[in-house]
Amino acid sequence: MDQLPNCPKCNSEYTYEDGNLLVCPECAYEWTPGSESENGDELVVKDANGNILKDGDTVTVIKDLKVKGSSSPIKIGTKVKNIRLVDGDHNIDCKIDGFGAMSLKSEFVKKA
Ligand SMILES: [Zn+2]
């Protein structure tokens, strides 16, 4: 159970611990174990133009978006206030007038 993971770069099994780091003696790669999965608060969400979005931002929808269970789409140009960033495929939680609570993909919005 105490076995260290192989080097993610060269897959060497001769990795060793150096403080908080893991070190590979074969390719000299150093990394922090578990850094790939956690860090939920380091969430970076970018809009369609590559601008970084923050909680509370206002964004504009850049294309008509179909809504499950609704006959009308969210129209291009719709303003969405007070977004909340979440982890996942649909990485923006928000409320849209006439639709209620929604999840959007950040690639379909831009910062207003
Ligand atoms: Zn290595």
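Below, the structure is looked at part by part.

The antiparallel open sheet is built from 3 strands, whose spatial order is β7-β6-β11. Each edge of the open sheet is held by one strand with a lone partner, namely β7 (79–80) and β11 (109–111).

A word on the packing of aromatic side chains. Enumeration over the complete set of coordinates arrives at 1 aromatic pair. Consider the rings of Tyr29 and Trp31, whose centres lie 5.6 Å apart with planes at 15°: the pair is stacked. On the accessibility criterion, Tyr29 (28% relative accessible area) is partly exposed. Here Trp31 falls in the buried class, since its relative accessible area comes to 8%. Of note, Lys63 hangs over the ring of Phe108, and the distance from its end group to the ring centre comes to 4.7 Å.

Here is what the cut-offs are and how they apply
Residues numbered from 1 in each chain as written. Predicted model: local features only at pLDDT ≥ 70, side-chain atom pairs only at ≥ 80, totals over all residues. Heavy atoms only, no water. Pairing = 2+ DSSP bridges. Helix = DSSP H or I, 4+ residues; strand = E, 2+ residues; numbered from the N terminus. Phe/Tyr/Trp six-rings, centres within 6.5 Å; stacked < 30°, edge-to-face > 60°. Buried < 20%, exposed > 50% of the residue type's maximum accessible area, 1.4 Å probe, protein only. Lys NZ or Arg CZ within 6 Å of the ring centre and 35° of its normal.

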